[in-house]
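Summary of the model geometry
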Amino acid sequence: RAAGVGDWACVVRQGWATGRVSCGRGGRLGVCRAAGVDVCCAIAAGATLVAEVGEMFAEWISQQLAKPTHSLLGWVAKKFFERNNRFLEASAVKLCDIQPGNVVLELGFGPGLGLQEAARRLTQPGGKLYGLDISEYMYNTASERLQADIQSGKVTLFLGSVEQIPLGDSVVEKVYHCNCYYFWPDLRAGSREIHRVMKPGALMVTALHLEYLKKLIAAGLLKGTKWRPEPYMEALREAGFVDVRMEEQRVKGESFQAIFAAAKKA
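Report follows, based on the coordinates. (Residues numbered from 1 in each chain as written. Predicted model: local features only at pLDDT ≥ 70, side-chain atom pairs only at ≥ 80, totals over all residues. Heavy atoms only, no water.)

It is worth spelling out the overall build of the protein at this point. A count of helices and strands for the protein gives 10 helices and nine strands. Considering the protein as a whole, with its 266 residues, one finds that 44% of them fall into the buried category. Considering only contacts in the protein between residues 6 or more positions apart, those separated by 24 or more positions represent 69%. Surface summary for the protein: the accessible area is close to 13,800 Å², and the carbon and sulfur share equals 54%. (Helix = DSSP H or I, 4+ residues; strand = E, 2+ residues; numbered from the N terminus. Buried < 20%, exposed > 50% of the residue type's maximum accessible area, 1.4 Å probe, protein only. Contact = heavy atoms within 4.5 Å. Areas by Shrake-Rupley, 256 points an atom, 1.4 Å probe, with all protein chains shown as cover.)

Right, let's get into helix H10 (residues 229-239). Considered for burial, the residues of H10 that qualify are Pro229, Tyr232, Met233, Ala235, Leu236 and Ala239. Projected down its long axis, H10 shows its buried positions confined to an angular sector of 155°, all on one face. Packed against the buried residues of H10 are strand S6 (172-178), helix H8 (187-197), strand S7 (198-208), helix H9 (210-218), strand S8 (241-251) and strand S9 (254-263). Downstream of H10 by a residue or two, glycine 240 has a phi angle that is positive, lying close to 115°. (Arc of directions from axis to C-beta.)

As a further point, take the pattern of salt bridges. Evaluation of the coordinates by the stated rule reveals 12 salt bridges. Lysine 79 serves as the salt-bridge partner of glutamate 82, at 3.7 Å between the closest nitrogen and oxygen. Residue glutamate 82 and its partner lysine 79 are located together in helix H3 (residues 72-84), separated by three residues, close to a single helical turn. Note on glutamate 82: relative accessible area 14%, which makes it buried. (Salt bridge = Lys/Arg side-chain N within 4 Å of Asp/Glu carboxyl O.)

Running from N to C, H8 and H10 cross one another at 45°; their axes reach a closest spacing of 8 Å. Classified by the angle their axes make, H8 and H10 are oblique. At the point where H8 passes H10, the crossing takes the right-handed sense. Listed contacts from H10 to Leu187, Arg188, Ser191, Arg192 and His195 of H8 are Pro231, Tyr232, Ala235, Leu236, Glu238 and Ala239. Here the contact of H8 with H10 is built from residues that sort into six nonpolar, two polar and three charged. (Axes fitted to C-alpha atoms, helices over the stretch in contact; angles between N-to-C directions. Parallel < 35°, antiparallel > 145°, perpendicular 65-115°, else oblique. Left-handed = near helix turned anticlockwise from the far one by under 90°. Nonpolar A, V, L, I, M, F, W, Y, C, P; charged D, E, K, R; others polar.)

Attention shifts here to the packing of aromatic side chains. The final tally for this structure, using the stated rule, is eight aromatic pairs. Ring geometry for tyrosine 181 versus tyrosine 232: centroids 4.3 Å apart, planes at 10°, classification stacked. Separated by 51 residues along the polypeptide, tyrosine 181 in the loop between S6 and H8 and tyrosine 232 in helix H10 bring together distant segments of the chain. For the pair shown, tyrosine 181 and tyrosine 232 are each scored as buried. On the basis of an interplanar angle of 75° and a centroid distance of 5.9 Å, the ring pair of tryptophan 184 and tyrosine 232 is categorised as edge-to-face. With tryptophan 184 in the loop between S6 and H8 and tyrosine 232 in helix H10, the pair connects residues that are 48 residues apart, well separated along the chain. Looking at tryptophan 184, the relative accessible area reads 11%, which means it is buried. (Phe/Tyr/Trp six-rings, centres within 6.5 Å; stacked < 30°, edge-to-face > 60°.)

The next thing to look at is the layout of surface pockets. Taken as a whole, the largest pocket spans an internal volume of roughly 770 Å³. Taken together, 41 residues form the lining of the largest pocket, with Asn85, Cys178, Asn179, Cys180 and Phe183 sitting closest to its centre. Where the lining of the largest pocket is concerned, the elements lending two or more residues are helix H2 (33-66), H3, helix H4 (86-96), strand S4 (128-133), H9 and S9. Along the lines of polarity and charge, the residues of the lining of the largest pocket split into 26 nonpolar, nine polar and six charged. (1 Å grid on protein atoms, 1.4 Å probe; cavity = no way out; pocket = protein on both sides within 12 Å on 5 of 7 lines; lining within 4 Å. Points joined across faces, edges and corners; volume = space filled by probe spheres on them.)

Next comes the structure, spelled out in structure tokens:
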């Protein structure tokens, strides 16, 4: 591990200063300054390399979480979503209180688990489900999963950005999304566009797991993202949403957070 390498580098530096470098078992790694310098430089270089590789890998993983591609890391991201987001997706759909004839939109649908949950609830002819995702890989994955509902016309999926939703004004009654707002390029632009497509009084539910997000941040992932909910909630208010609030939720022993917002229009 990088920290261990760094610790050994410090030990070797101390040994170099005294002209004596000792290993963990009490033996000598070197007794002359030149040998100490060589060992110290080698270990320090190794520590730097490990840290750089770790940062690069964390950046690659973060990119795949934001926009999975058809690649090995993209496949890993898909499996991650299927394992970790299933509960949040189902919870967001339930909190939306989707009615059989509602027009519904999911943002950042990923592999399509939440779409399946929502589609089951739309049992009337007027029920319609839209989905939007920026990843072509996720679009193709969800299209296969929802193939029957897409062919029947109940579900329509779009490939694109939250800043340009291909829907008319005031057509959606329920919106939900999970673990994706912090990947949006512009929180305010995205919030305004969501508000545009929602009917007056329409409800949006955002499900997230703050403790898990904090662990990802601590691991070096999601750097540069606005993962904290406060900026997102403020962007919603500026866009015209009202009753914006975050509530603690607990379902079957699982805890998470849900942000609610209602679209207010003149």
